[in-house]
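# Topology and contacts: notes
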Amino acid sequence: MNRNEIRQAWDEVSETYARTRDPTGSDAALLSELTEMLPENPLVVDVGCGDGARTLANLPPGSVGLDFARRGLDLARDTVPEARLVQADMCSLPFREASVDAISAYHAVFHVPRASHPAVYREFTRVLKPGGVLLMTLPSGRFQTVRRGWMGGEMFFSAPGRAQTLQQLRDAGFEGVETRVADDPLGSQSEFVFATRSEA
């Protein structure tokens with residue numbers, strides 16, 4: 001699937017995904033841990049925010065929800081009315097260099113072809129301030145597939161594997177990489193990673 005097809009697929013499944021996801025759980029608690037690391041009045045960007053219930057609603061007021069699917073943002077407007085919402089692709093973030101205090105990216109990057117993941121992480125590094133924090137889902141396996149029947153539609157998933165993802169983060173300029181296991185929105189468990197943009 002190309003990026004336009006993935007966007008269309010998300011528009012088709014966004015409402016079902018929002019109804020199916022549990023807005024509570026230990027992965028939501030990780031966002032509190034993230035918030036405690038940040039300065040006052042931080043600029044936080046939630047990449048792949050979708051309807052916003054799981055992540056954006058648990059981030060500091062005024063955080064930015066970014067998604068490239070319009071339907072997800074429409075749902076987020078109702079769920080988190082105080083948030084700022086932006087339709088954009090994580091492969092090209094519409095933020096200035098070193099302007100963001102933190103990025104959350106829950107279950108998001110693996111909807112980009114794995115060959116493009118290093119470029120996504122470089123974008124994260126570009127917009128984060130030195131010392132800025134990334135919190136994202138860490139894929140456990142190596143895969144590239146289209147799952148048909150997912151949420152009543154179809155969806156593209158792609159990842160190079162856990163070890164390679166961690167190395168790609170370091171190569172992009174992240175350090176202090178730490179992982180956690182937490183409940184995910186669909187009732188199972190996923191691994192998450194905290195990483196800090198290098199001060200250099």
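Cut-off values and rules
- Residues numbered from 1 in each chain as written.
- Predicted model: local features only at pLDDT ≥ 70, side-chain atom pairs only at ≥ 80, totals over all residues.
- Heavy atoms only, no water.
- Helix = DSSP H or I, 4+ residues; strand = E, 2+ residues; numbered from the N terminus.
- Buried < 20%, exposed > 50% of the residue type's maximum accessible area, 1.4 Å probe, protein only.
- Contact = heavy atoms within 4.5 Å.
- Areas by Shrake-Rupley, 256 points an atom, 1.4 Å probe, with all protein chains shown as cover.
- Lys, Arg positive; Asp, Glu negative; His and termini not counted.
- Charge placed at Lys NZ, Arg CZ, Asp CG, Glu CD.
- UniProt positions renumbered as here; feature names shortened; annotations may be inferred.
- Expected span 1.5 Å × (residues − 1).
- Bend = angle between axes of the 7 residues up to and from the residue.
- Phe/Tyr/Trp six-rings, centres within 6.5 Å; stacked < 30°, edge-to-face > 60°.
- Lys NZ or Arg CZ within 6 Å of the ring centre and 35° of its normal.

When its secondary structure is counted, the chain shows 5 helices and 9 strands. Element order for the chain, N to C, with α for helix and β for strand: α-α-β-β-α-β-β-α-β-β-β-α-β-β. Expressed as lengths along the three principal axes of its C-alpha atoms, the size of the chain is roughly 45 × 35 × 30 Å. Counting only residues that meet the buried cut, the chain has 52% of its 200 residues in that class. Relative to all contacts within the chain whose residues are 6 or more apart in sequence, the contacts with residues 24 or more apart total 65%. Taken as a whole, the chain presents about 8,900 Å² of accessible surface, with 46% of it coming from carbon and sulfur. Charged side chains of the chain number 21 positive and 27 negative; the gap between the two group centres comes to 5 Å.

What follows concerns the UniProt feature "domain: Methyltransferase type" (unreviewed entry) in the chain. Sequence positions flagged by UniProt for "domain: Methyltransferase type" (unreviewed entry) are, in local numbering, residues 45–135. The straight-line gap between the two end C-alpha atoms of residues 45–135 is 11 Å; of that span, 23% is helix and 27% is strand.

Because each turn of an α-helix spans 3.6 residues, side chains separated by three or four positions in sequence point in the same direction. Here helix α1 (residues 3–20) contains 18 residues, and its C-alpha end-to-end distance of 24 Å stays within 8% of the 26 Å for a straight helix at 1.5 Å per residue. Along α1, the helix axis deviates most sharply at Val13, where the bend reaches about 50 degrees. Buried residues of α1: Ile6, Ala9, Trp10, Val13, Ser14 and Tyr17, and no others. Considering only its buried residues, α1 is in contact with α3 (70–79), β6 (142–150) and β7 (153–160).

This part is about the environment of Leu85. Structurally, Leu85 can be placed in strand β3 (residues 84–87). Judged by relative accessible area, which is 25%, Leu85 ranks as partly exposed. If sequence neighbours within four positions are ignored, Leu85 has contacts with Leu56, Gly65, Leu73, Ala76 and Arg77.

Relative to the helices and strands, Arg21 is located in the loop between α1 and α2 (26–36). Between the C-alpha atom of Arg21 and that of Asp184, which follows or precedes it by 163 residues, the distance is 8.7 Å.

Turning next to unusual backbone geometry. The phi dihedral of Ala98 is positive, around 55 degrees, even though this residue is not glycine. Residue position: Ala98 is located in the loop between β3 and β4 (100–105). We note that His107 has phi near 50 degrees; this positive angle belongs to a residue other than glycine. Along the chain, His107 turns up in the loop between β4 and α4 (117–127).

Counted by the stated rule, this structure contains 7 aromatic pairs. Geometrically, the ring pair formed by Tyr106 and Phe192 is tilted, given 4.8 Å between the ring centres and 50 degrees between the ring planes. You can see Tyr106 sitting in the loop between β4 and α4 and its partner Phe192 sitting in strand β9 (residues 189–197), a full 86 residues away along the chain. The same class applies to Tyr106 as to Phe192, namely buried. In this structure, Arg147 is placed above the aromatic ring of Phe157, and the distance from its NZ or CZ to the ring centre is 4.0 Å.

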